[in-house]
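Residue-level structural notes
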Amino acid sequence: MASLSGADAGAGMAEKREETLLEAELLVVGRLVAPQGLRGEVRVLPLSDFPERFTRAGRRWLRRPGGQPREVELRGGRVLPGKDLFVVRLEGIDSREAAEAAVGEELLVLASDRPRLAKGEFPLMDLVGLEVRLLENGERIGQVTDLLHAGNDLLEVELTAERGGRRLLVPFVTAIVPRVELAEGWVGLTPPPGLLEL
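Procedures and definitions
Residues numbered from 1 in each chain as written. Predicted model: local features only at pLDDT ≥ 70, side-chain atom pairs only at ≥ 80, totals over all residues. Heavy atoms only, no water. Helix = DSSP H or I, 4+ residues; strand = E, 2+ residues; numbered from the N terminus. Buried < 20%, exposed > 50% of the residue type's maximum accessible area, 1.4 Å probe, protein only. Areas by Shrake-Rupley, 256 points an atom, 1.4 Å probe, with all protein chains shown as cover. Phe/Tyr/Trp six-rings, centres within 6.5 Å; stacked < 30°, edge-to-face > 60°. Pairing = 2+ DSSP bridges. Axes fitted to C-alpha atoms, helices over the stretch in contact; angles between N-to-C directions.

On to the overall build of the protein, then. Looking only at helices and strands, the protein features 3 helices and 12 strands. Among the 198 residues that make up the protein, the fraction classed as buried is 36%. Of the accessible surface of the protein, which amounts to about 11,400 Å², a share of 51% is contributed by carbon and sulfur atoms.

Following this line, the structure appears as structure tokens:
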């Protein structure tokens, strides 16, 4: 059985810390959802309100769910007319087959590349992981597990075990989600009748 020398073990730990640090510094801004054409372009479902993340060339990362991010170069991109999607060209994805293999991966940027936001604005993906409460009584009913774009933004909420533990889609509109307390780690709902029973 081979063993690592102290220097090799130290280098391995440094690489692991660097990977963990890098992952903590990245922000998911989109998901690759389908190939576009025959030359390796990929359709991206944006999880960001900033189109330059999909159109301006530069450094990005791809990550399979549960995997490690890998750096790629965004060569360019454009809006797909009539759809809430972008079409991007990425280094190393030069054929339809390669584009098909990349479907399901997340597109990431450095968190430090966040555009400046106006007071009261926040990146939508910051909602993932927040506790969900009913505003009328403060009851904790679940946690935001994902954000979906389907015409309107939808919060995917995993309900607590006491409420059945199932997943529920909640329209992210002011009438239903009037409070977002990022610093405190929760969102407040005023659900219409029947929404929690769907």
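Structure's up, so let's keep going.
This paragraph deals with the packing of aromatic side chains. Taken as a whole, this structure holds 1 aromatic pair when the rule is applied. Seen in terms of ring centroids, Phe54 and Phe86 are 4.7 Å apart; in terms of plane orientation they differ by 25 degrees. Their pairing is stacked. Taken as a pair, Phe54 in helix 2 (residues 52–55) and Phe86 in strand 5 (residues 85–90) lie far apart in primary sequence, 32 residues in all. Assessed through its relative accessible area of 0%, Phe54 is described here as buried.

Attention now goes to the sheet that holds strand 6 (residues 106–110). Read around the barrel, 6 strands follow the order 1-2-5-4-3-6 and close on themselves; strand pairing throughout is antiparallel. Taken over all neighbouring pairs, the strand axes of this sheet differ in orientation by 50 degrees on average, direction set aside. Taken together, the 5 bridges between strand 3 (residues 58–63) and strand 4 (residues 70–80) define a ladder with antiparallel strand orientation. In the strand pairing of strand 4, Arg59 is matched with Glu73.

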